[in-house]
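# Close look at the chain arrangement
Residue-level listing of the chains:
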Amino acid sequence: MSTTTPAARHTGAAPLDTAADFPILSRTVHGRRLVYLDNGATTQKPLAVVEAERRFYLESNANIHRGVHWLSQHATELYDAARATVQRFINAAHADEIVFTRGTTEAINLVAQSWGRAELRAGDEILVTAMEHHSNIVPWQLLCEQTGAVLKVVPVSDAGELDLNAFDALLTSDTQLVAITHVSNALGSINPVAELTARAHAAGAVVLVDGAQAVAHQAVDVQAIGCDFYAFSGHKLYGPTGIGALYGRGRILRAMPPWQGGGDMIRTVSFERSTWADAPQRFEAGTPNIAGAIGLAAAIDYVQDIGLERIAAHEHALLDHATAALGAIRGVRLVGTARHKAGILSFLVDGIHPHDLGTILDAEGVAIRAGHHCAMPLMTRLGIPGTARASLAMYNTTADIDALTAAIGKAQDLFGTHRHA
Amino acid sequence: MNDSAPDLRELYQEVIFDHNRQPRNFHPMPDADHQADGHNPLCGDQLTVYLHIEDGVVKDVSFVGHGCAISTASASLMTEAVKGKPVAEVEALFHDFHALLTDTPPARDFGKLAVLAGVREFPARVKCATLAWHTLHNAIVGAQAPARTE
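Residues numbered from 1 in each chain as written. Chains lettered and ligands numbered in written order. Predicted model: local features only at pLDDT ≥ 70, side-chain atom pairs only at ≥ 80, totals over all residues.

To continue, consider the overall build of chain A. What chain A contains, in helices and strands, is 13 helices and 17 strands. Relative to a compact globule of 421 residues, whose C-alpha radius of gyration would be 22 Å, chain A shows 22 Å and is just as compact. Counting only C-alpha atoms, chain A reaches 75 × 55 × 35 Å along its principal axes. With 421 residues in all, chain A has 52% of them scored as buried. (Helix = DSSP H or I, 4+ residues; strand = E, 2+ residues; numbered from the N terminus. Rg over C-alpha atoms; globule rule 2.2 N^0.38 Å. Buried ≥ 20, exposed ≤ 12 C-beta atoms within 10 Å, placed from the backbone.)

Attention shifts here to the UniProt feature "domain: NIF system FeS cluster assembly NifU N-terminal" (unreviewed entry) in chain B. Under the present numbering, the feature "domain: NIF system FeS cluster assembly NifU N-terminal" (unreviewed entry) in UniProt falls on residues 12-128 of chain B. The span residues 12-128 of chain B is 35% helical and 23% strand by assignment, and the distance between its end C-alpha atoms comes to 13 Å. (UniProt positions renumbered as here; feature names shortened; annotations may be inferred.)

Let's shift gears to the confidence of the model for chain B. Taken residue by residue, chain B gives an average pLDDT of 92. The fraction at 70 or more is 97%. Our summary of model confidence lists the complex with pTM equal to 0.93 and ipTM equal to 0.90. (pLDDT = per-residue confidence, 0-100.)

By a widely used convention, the size of an interface equals the accessible area lost when the partners come together. With 15 residues of chain A at the contact, the number on the chain B side is 17 residues. Where the side of chain A that touches chain B is concerned, the elements lending two or more residues are α11 (354-363) and α13 (398-415) of chain A. Among the elements that take part in the side of chain A that touches chain B, α11(A) stands out by supplying five residues, more than any other. (Contact = placed C-beta atoms within 7 Å.)

What follows concerns the nonpolar core. All names here are of chain A. Counting residues in each nonpolar core, the largest one holds 172 residues, and the members touching the most others are L208 and I294. Per-element tally for this core: the top contributor is helix α9 (residues 290-306), with 12 residues. Residues lining this core come from more than one domain, with at least three contributed by each of domain 1 (19-38 + 307-420) and domain 2 (50-304). Leave out the neighbours within four places in its chain, and L208 touches I108, V111, L177, A179, C227, D228, F229 and A231. (Core = buried A, V, L, I, M, F, W, Y, C linked by C-beta atoms within 7 Å. Domains from an automatic or database assignment.)

Residue and element names in this part refer to chain A. Counting buried positions along strand β17 (residues 387-391) yields five of five residues, so the element is predominantly enclosed. Burial along β17 is two-sided: the residues T387, R389 and S391 and A388 and A390 are all buried. Relative to β17, strand β14 (residues 344-349) runs antiparallel, the two being bridged by four bridges. Bridge pairing in β17 places F347 opposite A388. Sheet topology note: the strand β16 (residues 369-371)/β17 ladder contains three bridges and is antiparallel. Along β17, the bridge assignment pairs A370 with A388. (Pairing = 2+ DSSP bridges.)

So, about the domain arrangement of chain A. All names here are of chain A. For chain A, the domain assignment lists domain 1 (19-38 + 307-420) and domain 2 (50-304). Each of domain 1 and domain 2 has a C-alpha centre, and the two are 29 Å apart. When contributions to the side of domain 1 that touches domain 2 are tallied by element, the ones reaching two or more residues are α10 (308-327), β14 and α12 (376-382). Looking at the side of domain 1 that touches domain 2 element by element, the count peaks at five residues for α10. In the side of domain 1 that touches domain 2, the residues fall into 11 nonpolar, seven polar and five charged. (Nonpolar A, V, L, I, M, F, W, Y, C, P; charged D, E, K, R; others polar.)

On to the sheet that holds strand β3 (residues 57-66) of chain B, then. All names here are of chain B. With respect to topology, three strands assemble into an open sheet ordered β1-β2-β3, the strand pairing being antiparallel. Strand pairing shows two members of the sheet lacking a second neighbour, β1 (34-40) and β3, which therefore form its edges. With strand direction ignored, the average angle separating the axes of adjacent strands in the sheet is 15°. Relative to β3, strand β2 (residues 45-54) runs antiparallel, the two sharing nine bridges. Its bridge partner being in β3, E54 is matched across the sheet by V57. (Axes fitted to C-alpha atoms, helices over the stretch in contact; angles between N-to-C directions.)

Now the structure itself:
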């Protein structure tokens, strides 16, 4: 199968088969076929993305927003086009509402240090959930130290679902910000972000949604969600590392002060006083990751050519298959059984620590994550030190799940835990 | 990095399974005169090492905690290896054991600790095997902060 005509064949009702578009998936690890099930950490890149970055450096590289020369204008056009691609991808109303960042983490820190430091006062409250990734906890803790604001936490159930009654109870007139993940990276739970946004807005709070684990797996429409900020990373969306985006509602973004100073973010500079460029440039100090933005746009084009609905359908079918397959192994317990789940399977195997399991699966060529998944408060809540996590992407197949379950069986053989199951 | 198939039996030897299932000296020591905590936040391994040192000799040693098979077995084997030894000898053994896992192994008899040499082929697991030793060292020198190997 050709790897140079991605997506052309991805039409109709045939099962999704995209592995050939991802060159790395044909390599071996420890002499075995690579079975890559660590997509929650980062996805692999299709050739279209690798080629887009390569082509930029080979044919279009120049700095943006400053050159009178043709090549600079060309690079600027590509960068601006990438911003428009992101805008359409998440259905933002205007391209000016898209700020390029290094990733989700930087996007959240931007909101905390710009919007947060300008708007929050001592006693104001920030509401997060117990299932947040550290990147949607720690920036708010820093902000609380700086402003005297207070962090409040919405609890989750044993199944990994938000306690919506507690959410309502914790949402008060002191709540200035609700910062919530769209999809839990550790458990796969999908939160009802539109509903939560409506409730938060009714209470007068601003809403940030961490979309890092969502955008590659379901269509996201920030206007339909209604949130004020939405953050995501390119590298979990089949794009390059070091590039991501922050959506900010125009009215709010335009009123926010800069958070980093430097070139590109200013209008005029004098030693008496400098003035700022408009959003989004105000938040993009210094030469940005131009090639990364272009690679991200190529990733979005690739995903949209295939269609997020097809990707979501494929991953949900695979999730159901994997849930049943893992559930059928004696001694395996799934952690995170929310009714609405994305393609993330956190699990424990009786008598085998997740870290040992990760090493044994790796020897079989099966790449999973083992540990706390940057969600230590959630692991504490669930009373476990960590889990093994298999996270799915569009290119995974039932053969990958078969390899996973076979490797778990080998681990149980090695540890002699079958008889204890 | 070499990606040839690792031999899991080199890492997970029967002695390691035995010490993981039934860790030796696995209990708190209420009258310990030295103790320290160790924690690997990344994998969640957590343990406390207790010591009773008399006249510069480790008279008694124990540990509690939880972790992967490698870290639990290493802690258990460590307690057996250091009990009754002079503190200076214990510190030298830690140094040599660390070299066994990461560097040129020194020419010495490691006794049962040698079963952990297989960890060399699994760089991601060296920190599991050394956490107990770093914690032991902290207990000896009276360090306040928990030991970490990551």
